[in-house]
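One-letter residues, chain by chain:
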Amino acid sequence: MATNTKFQAIRGTRDLLPPETALWNRVEQTAHAVFSTYGFGEIRVPIFEQTDLFARSIGFDTDVVSKEMYSFADRDETSVSLRPEATASVCRAYIEHGMHALPAPVKLYYLGPMFRRERPQKGRYRQFYQIGAEVLGGSDAPAIDAEVIEMVMAFFAKLGLEGAKLDLNSIGCRDCRPKYVELLRAELSKVKEKLGPDSQRRIETNPLRVLDSKLESEQGIIATLPRIAAHLCDPCAAHYTAVKHNLVLRGVAYHENWRLVRGLDYYMRTTFEIIAPGLGSQNAVCGGGRYDGLVELLGGHPTKGIGFAIGEDRLILSLQESGKAPAAHGRDVYIAWMGEKTYPTAVRAARALRGAGFAVELPAVEQKFGKALGHADKLGARYALILGEDEVASGQWTLKTLADGTQAKFTEAELLQYLRR
RNA sequence: GUGGGCGUAGCUCAGCUGGUAGAGCGCCGGUCUGUGGCACCGGAUGUCGCGGGUUCAAAUCCCGUCGCCCACCCCA
């Protein structure tokens, strides 16, 4: 039994293979390019941290912390966990490296794998990838919120993502939100009988969650519930209004969604979510918001903060569904060499072409000529460089353009010149 | 954690009411030993997810189990 057990990737993890990985690279390179134009620098944080860091920042009672973390005892018995997200780590690093002393605000972005032990489904994996950014320190100026959102939208636009829609809301601060939550809870209690079991449970655990219930039967009731926008304190209301003005100023279209709540404890005031098509029931590609109290909660000075996280797996899924998948990676030149005597020349040609930046396929064993061209064709090569005894003897190499079958003679120097044109 | 669907060649799948397995694509070779894409011919690969049961006989029926997918919950 043990001898013929086949290994396979564990549930919720997967291999990313070519040519799909080319799209992943394009997405990540675009992130580096776009984010740096907004003055963000890349931070790389560890893939595991003390469990308590996540528990305190994300919230002990959230599903992420209470049942989805991969936690284990290190050899010295301290509990460590694979990161379920990166904001907590970035804040920890901000404090640990005294980044409050840097010119404010500090703008950082990251990308990499996160881990949550959930049941996998479309657009949801146990090892999944996020691309995120955080702005820490300085003020909580609404323009910062708007610029961060503008940056995500610019990133998506650069990738050609179609159908991305921004939902926006404010969930107040530690002064006004609790009052609203109590009001909501009271109102929900009155209609408890009309709600499903999940929502009934949420009345106690997290009333805000009732707002984004998908149950058709609850939609009528939800529409009548009090809305937080009407219960924000004056500073929060002013901040929210200013964020919206700043989005308009930047030409960023948004849709106010009073039912948008965020699941992680640290969010306050501005919250937003971007949805994209083709993601099954997981339609959010990006979620984010302001978290002014988080750094302090983790032992730092009182610090303003806002950030977002993009689900890279979902982003790529949506890109693929809308036909943005990359072409198979081909070769620029396939070297069809014939006869052992030509091989040294073939090796030299490959080296020169690769040095000039071309993707070259140099067959390791001699093949029949027809076979070689067939192989070149299957690999999607643009050209076949034909090196037979004639070419080697005369120094006039034959270059065949596979698409139209034409061919021409070049010296080595002319060839490089021709290909580089 | 809960619910539904599905597990047959590398991939997509067929295989009716049981008689120990097939197609297409792909791959390899040949027609074609200095000219690919087309066509034709040929070839290799499966413990029919795994275990047990019923039966003379199981891919097919029954039970169990594992895995994958989708959805709920929750989240990016």
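Residues numbered from 1 in each chain as written. Chains lettered and ligands numbered in written order. Predicted model: local features only at pLDDT ≥ 70, side-chain atom pairs only at ≥ 80, totals over all residues. Heavy atoms only, no water.

A. Highlighting the sheet that holds strand β4 (residues 79–82). Read from one edge to the other, the open sheet built from three strands follows the order β2-β4-β3, with strand pairing classed as antiparallel. The open sheet has two edge strands, β2 (48–50) and β3 (71–73), and neither has a second partner. In this sheet, neighbouring strand axes are inclined to one another by 35 degrees on average, regardless of whether the strands run parallel or antiparallel. Relative to β4, β2 is paired through three bridges, and the arrangement is antiparallel. Its bridge partner being in β4, Phe 48 is matched across the sheet by Leu 82. The strands that helix α2 (residues 51–58) touches are β2, β3 and β4; relative to β2, the one it contacts most, it runs at about 80 degrees. (Pairing = 2+ DSSP bridges. Helix = DSSP H or I, 4+ residues; strand = E, 2+ residues; numbered from the N terminus. Axes fitted to C-alpha atoms, helices over the stretch in contact; angles between N-to-C directions. Contact = heavy atoms within 4.5 Å.)

B. Quick look at the nonpolar core. Membership of the largest hydrophobic core comes to 94 residues, with the highest contact counts inside it found for Phe 35, Phe 155, Phe 156 and Phe 308. A total of 10 residues in this core trace back to one element, the largest contributor, which is helix α5 (residues 142–159). Leaving out residues up to four positions away in the same chain, Phe 35 has contacts with Phe 40, Tyr 109, Ile 131, Met 151, Phe 155 and Phe 308. Grouped together as the second largest cluster of nonpolar side chains are 19 residues, Tyr 383, Leu 385, Trp 397 and Leu 399 included. (Core = buried A, V, L, I, M, F, W, Y, C linked by side-chain atoms within 4.5 Å. Buried < 20%, exposed > 50% of the residue type's maximum accessible area, 1.4 Å probe, protein only.)

C. Main features of the confidence of the model for chain A. Considering every residue of chain A, the mean pLDDT works out to 93; 98% of them sit at 70 or more. Scoring the predicted complex yields pTM 0.93 and, for the interface, ipTM 0.89. (pLDDT = per-residue confidence, 0-100.)

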